Amino acid sequence: MPQATVERIIRTLAADDMQGRATGKPGSVKAAEFLAAEFQRIGLTPLPGLQNFMQTFPAYETRTAAAFVTINGAKVAPDKMLLISGQPHLNWTEADEPAPRVVTVGPQDNLMQQIRPLLDPRENTIVFIDPVQAAAFNRVVGYVKRGGLRPEKPAPFTTLLILAPPAATPLKFQVAATTTIRTVELRNVVGVLPGKDAARATEQVVFSGHYDHLGFLPAVAGDSIANGADDDASGTTAVVALAEYFKKKNDNARPLVFVAFTAEEIGGFGARHFSKQLDPKNVVAMFNIEMIGKQAKFGPNTAFITGFDRSDFGKMLQDNAKGTVFRFEPDPYPEQNLFYRSDNATLARLGVPAHTISTDQIPTDKKYHSVDDEVESLDLANMTAVITAIGRAASGIISGQQTPTRIAPETVKQ
């Protein structure tokens, strides 16, 4: 695996002119076009059913403005409330029918767990959140504003979050706001290397990474672009480099699908859409590659595999790496729940042995989701070694000689 190729790809994806590759923004479109051109150059073919390498699908952007809220006659400060609405023109009072459901989140409750279903309103709801939860509330506000896109068109309902103790009853309120809803076209970039064995034509092996990142963040020392070199230009670079590697080898019995996902950072919409275009029973394995630009805690020439105990995928890669300088290890950070925090999770929930390969020391990574995630912070030689090791360790699976055990859907936590 030539390091020069790896460096060219990642420097292009993480360049300032990609503007941090925020989902749905011009930089993201530019990144997708670059990746499609790479798949064309390598000689991949489009996924059956597509005319080109772009797998497009809609998302919906909602922007709420001019929100005015009173509770029992007292105006609620803008920084103490969050309105999530699918109603273009909202003029809402206690006299409206049906009456909203009222939810209280106490000081000891798990805020995100309680309100997660309410972030996509299916009924009118008012949520009073204990002020002790201010930090968690502000994280939710940031999450909602950063992830202004939704995978489905919003229903005509509203959730109102208020950072305040429960109001006295009978509850009187007035809520006025204007919400604009805009359809945004998103793009996964997908290419296929057909298999050489007709008997294995339906046995797909997926290699994936996400090309989106956060776009712009508050400036630090004049830099406001969150370039996302490690997260996840590194994994996307691996997908392109592996596509070229396997194309040159030209001996894959099983068809290989290479996909660069969009919208991972705002909820994994790209992976969700992609999974609906395939029969998960036909996906033999998924190599999802996320943040491989730095050395793992095990040292150089190592990487870890999430969900190691959920199939024998990881053990296969370990065995296939024996006799080389490289080692694959189980995920050393189980408390981080990484198995469910990347794009492998969607297909894993459908029973596919879908795992993420990473090297990031995430508990101590100070550059994660910051403007300092630049190419200059990466170890490109080690990253190249990781990509090379993945290509070699995947040989048994792509040749059809190895088939990982399935992940039992009923054992996967939602």
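The notes below deal with the structure included here. Here the structure is a predicted model, which means the values were calculated and not measured. (Residues numbered from 1 in each chain as written. Predicted model: local features only at pLDDT ≥ 70, side-chain atom pairs only at ≥ 80, totals over all residues. Heavy atoms only, no water.)

Overview of the packing of helix α5 (residues 229–249) against helix α9 (residues 380–393)
Stated formally: Axes here mean lines fitted to C-alpha atoms, for a helix over just the part in contact, with angles spanning 0 to 180 degrees between N-to-C directions. Counting from the N terminus, the helices are DSSP H or I runs at least four residues long and the strands are E runs at least two residues long. Note on terminology: angles under 35 degrees are roughly parallel, angles over 145 are roughly antiparallel, angles of 65 to 115 are roughly perpendicular, and the others are oblique. Handedness of a crossing is defined here by the sense of rotation of the near helix relative to the far one, left-handed for an anticlockwise turn of less than a right angle and right-handed for a clockwise turn. Two residues form a contact once any of their heavy atoms are found within 4.5 Å.
Here α5 crosses α9 at 50 degrees, and the two axes come no closer than 10 Å. Taken together, the axes of α5 and α9 are oblique relative to one another. Considering only the axes of α5 and α9, their crossing is right-handed. Residues S234, T237, A238, A241, L242, Y245 and F246 of α5 form the contact with α9, whose own contacting residues are M383, I387, I390, G391 and R392.

Focus on the nonpolar core
How we decide: Side-chain atoms within 4.5 Å link the members of a nonpolar core, which is a set of buried Ala, Val, Leu, Ile, Met, Phe, Trp, Tyr and Cys residues. Relative accessible area decides the class of each residue, using a 1.4 Å probe on protein chains only: under 20% of the type maximum gives buried, over 50% gives exposed, and in between gives partly exposed.
Within the largest apolar cluster, 60 residues are counted, with the highest numbers of intra-cluster contacts made by V189, F207, F258, F287 and F328. If you tally residues by element for this core, the top one is α5, at 9 residues. Sequence-distant contacts of F287, that is, excluding residues within four places in its chain, are made with V205, V206, F207, S208, F313, L317, H355, I357, I390, A394 and I397.

Describing empty space enclosed by the protein
Definition in use: Buriedness of a pocket was judged along seven lines, with at least five required to meet protein on both sides within 12 Å; pockets are open sets of points on a 1 Å grid over the protein atoms alone, cavities are sets where a 1.4 Å probe fits but cannot get out, and lining residues have an atom within 4 Å of a point. Grid points are joined across faces, edges and corners, and a volume is the space filled by probe spheres set on the points. Residues are grouped as follows: Ala, Val, Leu, Ile, Met, Phe, Trp, Tyr, Cys and Pro are nonpolar; Asp, Glu, Lys and Arg are charged; every other residue, Gly included, is polar.
Tallying each qualifying case throughout the model produces 1 cavity of 30 Å³ or more. Here the largest cavity defines a volume of roughly 40 Å³. Contributing to the lining of the largest cavity are G24, S28, V29, E185, L186, R187, Y211 and T262. Looking at the lining of the largest cavity, its residues break down into 3 nonpolar, 3 polar and 2 charged.

Side note on the pairing of strand β15 (residues 302–305)
In summary, the side chains of a regular strand alternate between the two faces of the sheet. Stated precisely, the cut-off is as follows: A clockwise course of the path from the first strand over the helix to the second, judged with the strands pointing away from the viewer, identifies a crossover as right-handed. When DSSP finds at least two bridges between two strands, those strands are taken to pair.
Side-chain alternation along β15 places T302 and F304 on one buried face and A303 and I305 on a second face that is also buried. Following the backbone out of β15, through helix α7 (residues 313–321) and into the adjacent parallel strand β16 (residues 327–330), one traces a crossover that is right-handed. Two elements, β15 and strand β17 (residues 354–358), share 2 bridges in a ladder whose sense is antiparallel. Paired with F304 across the strands is S358, a residue of β17.

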